[in-house]
Amino acid sequence: MNHIENENEYKGLTVNQGIIQPPSVNPYFKKRVKKHDFSVAEYVEGIAKGNISILSQAVTLVESTNPDHYKTAQAIIEKCLPLSGKSTRIGITGVPGAGKSTFIEALGMHLVNKGEKLAVLAIDPSSGLSKGSILGDKTRMEELSVSDKAFIRPSPSAGSLGGVARKTRETIVLCEAAGYNNIFIETVGVGQSETAVHSMVDFFLLIQITGAGDELQGIKRGIMEMADSIIINKAEGNNLERAKLAQAQFKNALHLFPAHESGWTPEVLLCSAFHKVGIPEIWDMIDRYVKHCKGNGYFDIKRRRQTQYWMTETIDETLKNSFYQNPTIEAMLEEYKKKVVNDEISSFVAAHNLLDVYFNKK
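Residues numbered from 1 in each chain as written. Predicted model: local features only at pLDDT ≥ 70, side-chain atom pairs only at ≥ 80, totals over all residues. Heavy atoms only, no water.

Concerning the overall build of the chain
No. 1: Helix and strand counts for the chain come out as 15 helices and seven strands.
No. 2: Expressed as a percentage of its 362 residues, the buried residues of the chain come to 44%.
No. 3: Taking contacts inside the chain between residues at least 6 apart in sequence as the whole, the part at least 24 apart equals 76%.
No. 4: Counting only carbon and sulfur atoms, one obtains 55% of the accessible surface of the chain, whose full area is about 20800 Å². (Helix = DSSP H or I, 4+ residues; strand = E, 2+ residues; numbered from the N terminus. Buried < 20%, exposed > 50% of the residue type's maximum accessible area, 1.4 Å probe, protein only. Contact = heavy atoms within 4.5 Å. Areas by Shrake-Rupley, 256 points an atom, 1.4 Å probe, with all protein chains shown as cover.)

Structure below.
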C-alpha cells in the first residue's frame, strides 16, 4: 500500500515520533488493603482497650442484616456483657427545633471537660420519611465530634422500630464495654420511638422551647409522664421571661400526674445550650437522680426489668422475621392479600390460615 508521505516530493520532510502514551492505570495508585477480619476474641480485646476503630466495626456488625454478621455480633455482645452496665444511660427527646443537638454537645462537652467519656447514639426508625437529622447531628456537634473522649454513632435510618431499638440496645453494651461511662440516646421528634428509648435508659429527659404556641398542647401526656426532667432550652434574651412562665406551667402540669415509682419528683429547669448557661445544674440534677435511685434500690430494679423487656422484644422480633422470611409464607402471602382486598376472605381468617401453615398445623 502506497502512502503519500513516501512520495519523492516529501523526501526532505521527517515525521516526528509521537509522545509516549501514559499508562492507563495511575502508577501511584496503591491497591486498597482489605479490612482485617477480626476474630470474636480480637473484637472483644480491642473494644475492652477502647479502640474506636474496632468498636465502630463491631457496631457495624450489629447493624448488618447479614446472618453471618449477626452471629458474630451476638458472640461479641455475649463476651462484652460482663464488662458492661457501669454507665449512666440518658434518653434525650424533644420536639423538632428544640435544640437537641446543641444541648447534647453542651452537656457532652461539660462531661468531657471533666475527664469523663461519652457515647452519643441516635434512634430513629423512620428518618427516611420524617427527614430526621441523625447524620446532621454529627456535623453540628463540631467540638464533641473531634474529642477523643466522645463516640458519636448515627443509627440505621431504615427498618422497624423494634429492629432499630434492639440494635441501639446492643450498641450500648459495646460502648459500655469500651469504657464509655455516659451514654446519651437521642430520639428525633416526639413519637413512638420515645417508649423504646425509655425502656433502655436510666434517666429520661424531655427538651422543650417556648414561643411555639401552647407548650402543653404540643406534648403527649404519655411522654410527659415518662420524663424524669423537663428542660426548657433557649431561655435567653427576650425569651427568658416566657421560659420562666413555661417553667411554672410545666411544674403545675407534672403535679397532676401519678408519682414516679422511683420516688423522684421530676424537675423543670431552664437552660441556654447555645450560651452554655444552666448546663452544670442539669448534670448535677442527673447526678442527684442516680444517687437517689441507687440509694433506694430502684436503679437496679429498673435495669432488671429492662433486661426482661428486651428478652421478650427480641423473641417477638425474631418470630416476626422468621415468619415473613419463610419461603412457603412468602409464596402464599400475596395471594391472601388479594383475597382480603377482594373480600373473598376476612383478614382474621387469612392471618390464622397463614399462621397455621407456618406452625405446620395444616
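Side note on the pairing of strand β2 (residues 118-123)
No. 1: Burial of β2 is extensive: six of the six residues sit out of reach of the surface.
No. 2: Residues L118, V120 and A122 line one face of β2 and the alternating positions A119, L121 and I123 line the opposite face, and both faces are buried.
No. 3: Note: β2 against strand β3 (residues 150-153), four bridges, orientation parallel. Looking at the pairing, L118 lines up with A150 of β3.
No. 4: Across six bridges, the pairing between β2 and strand β4 (residues 182-187) is parallel. (Pairing = 2+ DSSP bridges.)

A look at the sheet that holds strand β5 (residues 203-208)
No. 1: The seven strands are arranged β3-β2-β4-β1-β5-β6-β7 in an open sheet whose pairing can be described as parallel. Strands at the two margins of the open sheet, each flanked by one partner only, are β3 and β7 (267-270). This sheet shows a mean twist of 20° between the axes of neighbouring strands, independent of strand direction.
No. 2: Pairing of strand β1 (residues 88-94) with β5 involves five bridges; the strand directions are parallel. Residue pairing for β5: G94 is matched across the bridge by I207. (Axes fitted to C-alpha atoms, helices over the stretch in contact; angles between N-to-C directions.)

As for the pairing of β5
No. 1: When you tally the buried positions in β5, you get six out of six residues, the bulk of the element.
No. 2: Where burial is concerned, the two faces of β5 agree: the one with F203, L205 and I207 and the one with F204, L206 and Q208 are both buried.
No. 3: Relative to strand β6 (residues 229-232), β5 runs parallel, the two sharing four bridges. Following the sheet pairing, L206 is matched in β6 by I230.

Quick notes on the nonpolar core
No. 1: I47 and L174 are the most contacted members of the largest nonpolar core, which has 49 residues in total.
No. 2: With seven residues, helix α8 (residues 161-177) is the single largest residue contributor to this core.
No. 3: Dropping the residues within four chain positions of it, I47 is found in contact with I54, L55, A58, I76, C80, L174, A177 and A178.
No. 4: I92, L107, I152 and Y289 belong to the second largest nonpolar core, which has 37 residues in total. (Core = buried A, V, L, I, M, F, W, Y, C linked by side-chain atoms within 4.5 Å.)

Thoughts on the confidence of the model for the chain
No. 1: When the pLDDT values of the chain are averaged, the result is 84; 79% of them are 70 or greater.
No. 2: By mean pLDDT, helix α5 (residues 127-130) is the weakest element of the chain at 47, and helix α12 (residues 279-295) is the strongest at 96.
No. 3: Within the model, pLDDT remains below 50 along residues 127-135, and this stretch shows 14 contacts once partners closer than five positions in the same chain are excluded. (pLDDT = per-residue confidence, 0-100.)

Concerning a nonpolar patch on the surface
No. 1: Together, M311, I315 and L319 give the surface a local cluster of nonpolar side chains, amounting to about 290 Å² of exposed area.
No. 2: Mapped onto the elements of the fold, L319 is located in helix α13 (residues 298-324).
No. 3: A residue is classified by how much of its surface remains accessible, and L319, at 46% relative accessible area, is partly exposed. (Patch = residues over 30% accessible without salt bridge, like charges linked within 9 Å, V, L, I, M, F, W, Y side chains within 5 Å. Salt bridge = Lys/Arg side-chain N within 4 Å of Asp/Glu carboxyl O.)

Focus on the packing of α12 against α13
No. 1: For the pair α12 and α13, the least separation of the axes is 5 Å and the interaxial angle reads 85°. Between α12 and α13, the interaxial angle falls into the category roughly perpendicular. Listed contacts from α13 to Y289, V290, C293 and K294 of α12 are Y298, F299 and K302.
No. 2: A class-by-class count of the residues in the contact of α12 with α13 yields five nonpolar, no polar and two charged. (Parallel < 35°, antiparallel > 145°, perpendicular 65-115°, else oblique. Nonpolar A, V, L, I, M, F, W, Y, C, P; charged D, E, K, R; others polar.)

Structural notes on helix α4 (residues 100-113)
No. 1: In this model α4 runs 20 Å from its N-terminal to its C-terminal C-alpha over 14 residues, within 8% of the 20 Å that 1.5 Å per residue would give.
No. 2: Remark: G115 follows α4 within two positions and exhibits a positive phi of approximately 90°. (Expected span 1.5 Å × (residues − 1).)

Some details on the environment of L83
No. 1: Mapped onto the elements, L83 comes out in the loop between α3 (67-80) and β1.
No. 2: Under the relative-accessibility criterion, L83 is labelled partly exposed at 35%.
No. 3: Separated by 96 residues in the primary sequence, L83 and G179 place their C-alpha atoms 8.5 Å from one another.
No. 4: Excluding anything up to four places from it in sequence, L83 contacts A48, E176 and A177.

Some remarks on α3
No. 1: Its 14 residues place the ends of α3 20 Å apart at the C-alpha level, agreeing with the 20 Å of an ideal helix rising 1.5 Å per residue.
No. 2: Taken together, the buried positions of α3 are A73, I76, I77 and C80. The arc that holds the buried residues of α3, viewed along the axis, is 100°, so those residues lie on one side. Of the residues in α3, the exposed ones pointing more than 90 degrees away from the buried face are P67, D68, K71, E78 and K79. (Arc of directions from axis to C-beta.)

Observations concerning unusual backbone geometry
No. 1: Phi at K234 takes a positive value of approximately 60°, unusual for a residue other than glycine.
No. 2: Of note, K234 is situated in the loop between β6 and α11 (240-254).
No. 3: Residue classification places K234 among the partly exposed positions, given a relative accessible area of 34%.
No. 4: Despite not being glycine, K276 has its phi angle at roughly 60°, a positive value.

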